[in-house]
Amino acid sequence: MKKSQIIHPLLCLLSILLLLEGISLSVEARAPFACNPKHAGARAYPFCQTTLPVAERVRDLIGRLTLPEKVSLLVDNAAAVPRLGIGSYEWWSEALHGVSNVGPGTRFGGKFPGATSFPQVITTAASFNTTLWEEIGRVVSDEGRAMYNGGMGGLTYWSPNVNILRDPRWGRGQETPGEDPVVAGQYAASYVRGLQGTDGDRLKVAACCKHYTAYDLDNWSGVDRFHFNAQVSKQDIVDTFDVPFRECVMAGNVASVMCSYNQVNGVPTCADPKLLRNTIRGDWHCDSVGVYYNKQHYTSTPEEAAADAIKAGLDLDCGPFLGIHTINAINRGLVTENDVNNALTNTITVQMRLGMFDGPPSAQPYGHLGPADVCTPAHQELALEAARQGIVLLKNHGPSLPLSHIRHRTVAVIGPNSDVTVTMIGNYAGVACGYITPLQGIGNYAKTIHQQGCTDVECSDDKLFGPAINAASQADATIIIMGLDQSIEAEFKDRAGLLLPGRQQELVSKVAAASRGPTVLVLMSGGPIDVSFAQNDPKVSAILWAGYPGQAGGQAIADVLWGTTNPGGKLPMTWYPQEYLNNLPMTNMAMRSGPGYPGRTYRFYQGPVVYPFGHGLSYTRFTHTIIDAPLEVMVPLDGRRKTNSSAIDKAIKVTHARCGQLSLSVQVDVRNAGSRDGPHTLLVFSRPPAGKWAPQKQLIAFERVHVPAGALQRVRVNIHVCKYLSVVDKAGVRRIPLGDHHIHVGDATHSISLKPETLGEIKS
């Protein structure tokens, strides 16, 4: 997101929590943002006294600010207040999958030439590994704090992106954890915990879950995100689009939430108090939300726009809009100075939780982090391991993989993505510590013959086909590395279709036909690609999807090809055939299928697919046995409810059940029946009782385990009944369907009957 391309989006209403004190040995120091002991009178200001409650410190500071000073703090490049010893601050930094220089708050150079660049989020999501997600967040925040201490970065990161990948054409799908709300929610909570730390109310860095809500269109067929009015049912809002944000707030305790660019049902999300104040702060009990506001001709004057945004729950503007128009809005009586005070209360509270008003950073927790803590060997090894875990084996005919050190000594490496660097880190990336390209990684295992075949991924002609075909005919094996890059899918650029660009398909088929050994197709992309031709071509022996695998992606790809790593990734999104898009506009937000409408994602679409959600092969074979699970679960009802809590269509409102710790346990034996050790992702699905509200199936739990060859591992999965076995009705009310819920783990199935247990008289 480039600031010049934003009209005036607004950001970041932040949480009111107490700041815990901490002590740490310091190595490097930067000038304090505020409360410098060298500043005359700093120690006398109550807002500088760490022994006072944060709320009291915040009130004291706001009470000392003039109205122009207050307004100057409502924008992302907040001005200094020299008379109080407060420095300027740039709020906008990004850390989607590593510290990035996309936002103006962070820059590289000097002692910080780069930072660890992890795989793009869609690739990391394919690992289905919550521990990995949190660990990546921890490393990113270590490096972010180090750069802040060195004067090269900020502490407020507008990451992660947890929107649902509803449409496979979306250019920013690569930034998301995929199409499933449960996966996206758990990713959000895990990554945020890693970023923000677990030191009570003290923040290591401040995260920001974005973009709330129902945002997954950038620029399609003449419709752009700034002018798009997403018509979304209450059912889909609650059942799909809001789930990741709810988890981000309630499980991740995120410091802020950013609203989306679009309108939802005719109201800009950043000017909608129902979404910001009522849902995020009210229903979810969060004191913080960060929002963008983009003018969509919703108000007739800029002063009205500023007033609507602030009163809806906006605290910070990415751009100058609030700084320019807020005082006039106050003078016109559209908004009050107290409303501005409320906004500042949230932003300043976050800065205090970050320790920015506690004096020298070197004397605080994390003050010891510096250049030596960025791009460390351990961090770079984690980036490599994340890429290994995210790679998905889509096809393995024969099997043809893994390749052999003995039989495959000379390998043809072909394709426009065969020797790329920045392509591997996707968008919202920074400057990587270094790169290992696919060609380099493969070269660590075999002698290579390299031909691009196409000059770039657009592959507009066949001028380079001949040398590529000739190379394949000479090699013991051929690896074709194709796919997409940011010229095809990106922010502001949605795809028109799902096929490989240009003449890539032709190149793959001709090279495969000429290859004297096995041909492996490796795909780099964020979104799904229709590669039915390769799946059905016996000359294409195997297919890998690497997503955008980060700075060490080339080594990870090679490790999987030669079996040093046994692939365990699973697709976090459905791969549709091109025909799925026939008469399917991106602007239709409905999730559920209907007459002439196929539905969205594995939960509601039942047509043909290239590869289903959760697909991913291994070099070994796993079996599942459900060895323990209840046959019946009683759902206790709250008899004190006076509103209608009857089991409409045999489904109880979640608010009328005593959910508490109402959970059930399923124990599954996972056996590695093959000859190789390997990771395995246990995906637990539920098929609710048939009904007009229910998805055809929904993921209710997942767990990644490592099982040695021939061994058995017992996995216990706890399932919260109200949270994961519920569905949402057309009014947006979450209900628990009574009757048989069918649990699926691979080929193993089990039925659990949910029955009501009345604890008192239910009045209606």
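Each remark here, short or long, concerns the structure printed above.
So, here's what we can say about the structure. Computed from a predicted model, the values in this text were never measured in an experiment.

## Considerations on unusual backbone geometry
For the bond from Gly 398 to Pro 399, the omega torsion is 5°, close enough to zero to count as cis. Between Leu 401 and Pro 402 the backbone carries a cis peptide bond, its omega angle lying at 5°. As for its placement among the helices and strands, Pro 402 is situated in the loop between strand E12 (392–396) and strand E13 (410–414). Despite not being glycine, Phe 128 has its phi angle at roughly 50°, a positive value. When you line up the elements, Phe 128 lands in the loop between helix H3 (121–125) and helix H4 (130–149). Of note in this structure, Ala 214 is not a glycine but carries a positive phi near 55°. Looking at the element boundaries, Ala 214 is found in the loop between strand E4 (208–212) and strand E5 (219–220).

## Digging into the packing of aromatic side chains
Tallied over the full model, the rule gives 25 aromatic pairs. Aromatic side chains Tyr 89 and Trp 91 sit 5.3 Å apart centroid to centroid with 85° between the ring planes, which places their arrangement in the edge-to-face category. Take Tyr 89: its relative accessible area is 8%, and that puts it in the buried class. Relative accessible area serves as the criterion here: at 2%, Trp 91 is assigned to the buried category. Between the aromatic rings of Trp 133 and Tyr 187, the centroid separation amounts to 5.2 Å while the plane-to-plane angle is 65°, which identifies the pairing as edge-to-face. A residue pair is termed long-range when its members are at least 10 positions apart, and Trp 133 in helix H4 and Tyr 187 in helix H5 (residues 181–196) qualify at 54 residues. Side by side, Trp 133 and Tyr 187 carry an identical accessibility label, which is buried. The rings of Phe 128, Trp 133, Tyr 187, Tyr 191, Tyr 602, Phe 613, Phe 685 and Phe 702 are connected pair by pair, giving a single aromatic cluster.

## Description of the packing of helix H1 (residues 54–64) against helix H11 (residues 337–353)
Packed helices, taken two at a time, are described by the angle their axes make and the gap between the axes. Put simply, H1 and H11 touch, their axes get as near as 10 Å, and they point 125° apart. Considering the angle they form, H1 stands oblique to H11. When the axes of H1 and H11 are compared, the crossing they make is right-handed. Contact residues: H1 offers Val 54, Arg 57, Val 58, Leu 61 and Ile 62, while H11 offers Asn 341, Leu 344, Thr 345, Ile 348, Thr 349 and Met 352. In the contact of H1 with H11, the residues fall into seven nonpolar, three polar and one charged.

## With respect to the pairing of strand E14 (residues 447–451)
Note that E13 and E14 share five bridges and pair parallel. The residue of E14 that forms the bridge with Ala 412 is Ile 449. Of the crossover connections in this fold, the one passing from E13 over helix H13 (residues 438–443) to the parallel E14 is right-handed.

## A word on the state of the cysteines
If you walk through the whole model with that rule in mind, you get six disulfides. The disulfide partner of Cys 375 is Cys 433, and the gap between their sulfur atoms is 2.0 Å. The S-S bond linking Cys 375 to Cys 433 shows a torsion near -90°; that makes this disulfide left-handed. With a gap of 58 residues between them, Cys 375 in the loop between H11 and helix H12 (377–390) and Cys 433 in the loop between E13 and H13 connect regions that are remote in the sequence. Here Cys 433 falls in the partly exposed class, since its relative accessible area comes to 27%. Numbered by position along the chain, the disulfide-linked cysteines of the protein connect as 1-2, 3-4, 5-6, 7-8, 9-10, 11-12.

## Quick word on the sheet that holds E12
Read from one edge of the open sheet, six strands run E12-E17-E16-E15-E13-E14, paired in mixed fashion. Looking at which strands have only one partner, the edges of the open sheet turn out to be E12 and E14. Between one strand axis and the next, the sheet turns through 20° on average, direction left out of account. Most of the contacts of helix H15 (residues 504–514) go to strand E15 (residues 477–483), to which it runs at about 175°, and overall it touches E13, E15 and strand E16 (519–524).

## Remarks on the pairing of E4
Residues in a regular strand point their side chains to alternate faces of the sheet. The buried fraction of E4 is high, at five of five residues. Two elements, E4 and strand E8 (residues 256–259), share four bridges in a ladder whose sense is parallel. Counterpart to Cys 208 in the pairing with E8 is Ser 256.

## Looking at the nonpolar core
Counting residues in each nonpolar core, the largest one holds 135 residues, and the members touching the most others are Phe 47, Phe 357, Leu 699 and Ile 719. Here the element with the most residues in this core is H4; it accounts for eight residues. Counting residues in hydrophobic clusters, the runner-up holds 87 residues, among them Tyr 215, Ala 475, Met 586 and Val 610.

## Some points on the side chain of His 97
For His 97, the position within the fold is in the loop between strand E3 (89–90) and H3. Engagement of the side chain of His 97 in a polar contact is seen with the backbone oxygen of Ile 425, the distance being 3.2 Å. The residues contacting His 97, other than those within four sequence positions of it, are Thr 116, Ser 117, Phe 118, Pro 119, Gln 120, Tyr 191, Ile 425, Asn 427, Tyr 428 and Ala 429.

## Description of the pattern of salt bridges
If you walk through the whole model with that rule in mind, you get 32 salt bridges. Notably, a salt bridge pairs Asp 239 with Arg 592, separated by 2.9 Å at the nearest N-O pair. Placement of the pair is Asp 239 in helix H6 (residues 234–241) and Arg 592 in the loop between helix H17 (553–561) and helix H18 (601–604), with a sequence separation of 353 residues. Given a relative accessible area of 4%, Asp 239 falls into the buried group. Judged by relative accessible area, which is 15%, Arg 592 ranks as buried. A salt bridge links Glu 303 to Arg 332, with the shortest nitrogen-to-oxygen separation between them at 3.4 Å.

Rules of the game
Residues numbered from 1 in each chain as written. Predicted model: local features only at pLDDT ≥ 70, side-chain atom pairs only at ≥ 80, totals over all residues. Heavy atoms only, no water. Helix = DSSP H or I, 4+ residues; strand = E, 2+ residues; numbered from the N terminus. Phe/Tyr/Trp six-rings, centres within 6.5 Å; stacked < 30°, edge-to-face > 60°. Buried < 20%, exposed > 50% of the residue type's maximum accessible area, 1.4 Å probe, protein only. Axes fitted to C-alpha atoms, helices over the stretch in contact; angles between N-to-C directions. Parallel < 35°, antiparallel > 145°, perpendicular 65-115°, else oblique. Left-handed = near helix turned anticlockwise from the far one by under 90°. Contact = heavy atoms within 4.5 Å. Nonpolar A, V, L, I, M, F, W, Y, C, P; charged D, E, K, R; others polar. Pairing = 2+ DSSP bridges. Right-handed = clockwise from strand over helix to strand, strands pointing away. Disulfide = S-S within 2.5 Å. Core = buried A, V, L, I, M, F, W, Y, C linked by side-chain atoms within 4.5 Å. Polar contact = N/O pair within 3.5 Å; in protein donor to acceptor, adjacent residues only side chain to side chain. Salt bridge = Lys/Arg side-chain N within 4 Å of Asp/Glu carboxyl O.

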